[in-house]
Amino acid sequence: MENPDNKTEVVLLACGSFNPITNMHLRLFELAKDYLHETGKYNVIKGIISPVGDAYKKKSLISASHRVTMAKLATESSDWVQVDDWESSQNEWLETLKVLRYHHQKLASSTPANSLQNAVPLIKPGRKRKQEANRYIPAKKYQLSPETKGVPQLKLLCGADILESFGIPNLWKLEDITEIVANHGLVCITRAGNNAQKFIYESDTLWQHKNNIHLVEEWITNDISSTKIRRALRRGQSIRYLVPDAVRAYIEKHNLYSPESEDRNTGVILAPLQKHARGCKQEQTL
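In the nomenclature of an unreviewed UniProt entry, the protein corresponds to Nicotinamide-nucleotide adenylyltransferase from the organism Gopherus evgoodei. Among the UniProt annotations of the protein, the heading Subcellular location (unreviewed entry) holds the following wording: "Nucleus".

Caption draft 1: Summary view of the overall build of the protein. When helices and strands are tallied, the protein shows 12 helices and 6 strands. Relative to its full complement of 286 residues, the protein shows a buried share of 47%.

Caption draft 2: Quick look at unusual backbone geometry. With omega at 0°, the peptide bond leading from Asn 19 into Pro 20 counts as cis. Residue position: Pro 20 is located in the loop between β1 (8-16) and α1 (23-38). In this structure, Lys 57 takes a positive phi of about 65° despite not being glycine. Inspection of the secondary structure puts Lys 57 in the loop between β2 (42-51) and α2 (64-74). Residue Ser 60 is not a glycine yet carries a positive backbone phi of 75°.

Caption draft 3: Highlighting the packing of helix α3 (residues 96-109) against helix α6 (residues 174-184). The interhelical angle for the contact between α3 and α6, taken along N-to-C directions, is 35°, at an axis separation of 10 Å. For the pair α3 and α6, the sense of crossing is left-handed. On the side of α3, the interface is formed by Leu 97, Leu 100, Arg 101 and His 104, while α6 contributes Asp 176, Glu 179, Ile 180 and His 184. Per-class residue counts for the contact of α3 with α6 are 3 nonpolar, 2 polar and 3 charged.

Caption draft 4: Summary view of the side chain of Asn 212. Position of Asn 212 among the secondary structure elements: in the loop between α8 (204-208) and β6 (213-218). Of note is the side chain of Asn 212, whose polar atom sits 2.7 Å from the backbone oxygen of Val 181. For Asn 212, the contacting residues outside a window of four places in its chain are Lys 155, Val 181, Ala 182, His 184, Gly 185 and Leu 186.

Caption draft 5: Main features of the packing of aromatic side chains. Counting across every chain of the model gives 5 aromatic pairs. With 3.8 Å between their ring centres and 5° between their planes, Trp 86 and Tyr 102 make a pair best called stacked. Here Trp 86, found in the loop between β3 (81-83) and α3, pairs with Tyr 102, found in helix α3; they are 16 residues apart in sequence, far enough to count as distant. The residues Trp 86 and Tyr 102 share a single accessibility class, namely buried. Their ring planes at 90° and their centres at 5.6 Å tell us that Tyr 201 and Trp 207 sit as a pair that is edge-to-face. Given a relative accessible area of 36%, Trp 207 falls into the partly exposed group. Here the basic side chain of Lys 33 rests over the ring of Trp 80, its NZ or CZ set 4.5 Å away from the ring centre. The lysine or arginine in question, Lys 210, covers the ring of Trp 207, its NZ or CZ lying 4.3 Å from the ring centre.

Caption draft 6: Representation of the pairing of β1 within the structure. Taking burial as the measure, the 9 residues of β1 include 8 buried ones, the bulk of the element. Pairing analysis gives 9 bridges linking β1 to β2, with the strands arranged parallel. Residue pairing across strands places Glu 9 opposite Asn 43, the latter belonging to β2. This β-α-β element, β1 to α1 to β2, shows right-handed connectivity.

Scoring rules and cut-offs
- Residues numbered from 1 in each chain as written.
- Predicted model: local features only at pLDDT ≥ 70, side-chain atom pairs only at ≥ 80, totals over all residues.
- Heavy atoms only, no water.
- UniProt positions renumbered as here; feature names shortened; annotations may be inferred.
- Helix = DSSP H or I, 4+ residues; strand = E, 2+ residues; numbered from the N terminus.
- Buried < 20%, exposed > 50% of the residue type's maximum accessible area, 1.4 Å probe, protein only.
- Axes fitted to C-alpha atoms, helices over the stretch in contact; angles between N-to-C directions.
- Left-handed = near helix turned anticlockwise from the far one by under 90°.
- Contact = heavy atoms within 4.5 Å.
- Nonpolar A, V, L, I, M, F, W, Y, C, P; charged D, E, K, R; others polar.
- Polar contact = N/O pair within 3.5 Å; in protein donor to acceptor, adjacent residues only side chain to side chain.
- Phe/Tyr/Trp six-rings, centres within 6.5 Å; stacked < 30°, edge-to-face > 60°.
- Lys NZ or Arg CZ within 6 Å of the ring centre and 35° of its normal.
- Pairing = 2+ DSSP bridges.
- Right-handed = clockwise from strand over helix to strand, strands pointing away.

Quick look at the structure:
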């Protein structure tokens, strides 16, 4: 979408565990917004935090209901970053690409020039419109170009660790990576000395779409992480000023993190790897 200043409107989407959400997660949005605005080409109109569902099966992952609530508390004071619980409410783990497709469809459906009435099957008698509006439409049934007139660009916001995770065997599908960087693009927050640029150079897929990958260097370094927050909590140490006060109060009220919660999903294979293993077994039986 082009605004009166001839700048491309952008929506930033951050997916992840947010276990718990920290001040660093919130800083990613501000850093990305500043960078994109400073290029003179973009106007960031919205940020979306999408916590992963429980079915992801990551070690130490507490209930999505708590993680979504904490994220909402953390963004109460923001006038442009909001939390979306669609991904976290799914019974099965969803690939990041499917979450991007869902939010792109949602943006398109809210743009008058690109009504989805021809892409979405007619609502069956008796079915509530609310249910139709919030469901995911598989790509085979619904194809909409990211360049569709009037629809803001939806870019995946992430840290360098996510970018580098593209290289972990069986964690991402190559076709998913290709569609993410080709049709949407990445805004990746890096730190001085990080090898993100080298990682892009060494990947033919990422190199081909390097102009759609924005590397944002974080000059005011911040080493806060959810893992370190949980470690401090297990040891009875203060996390004040590391997470929003409302999040800290919520954690204390519900006693969310403990040695027991840290052992959750121990020994369980991560959902993407489980899915890959099932796919290999099915191929072997054919």
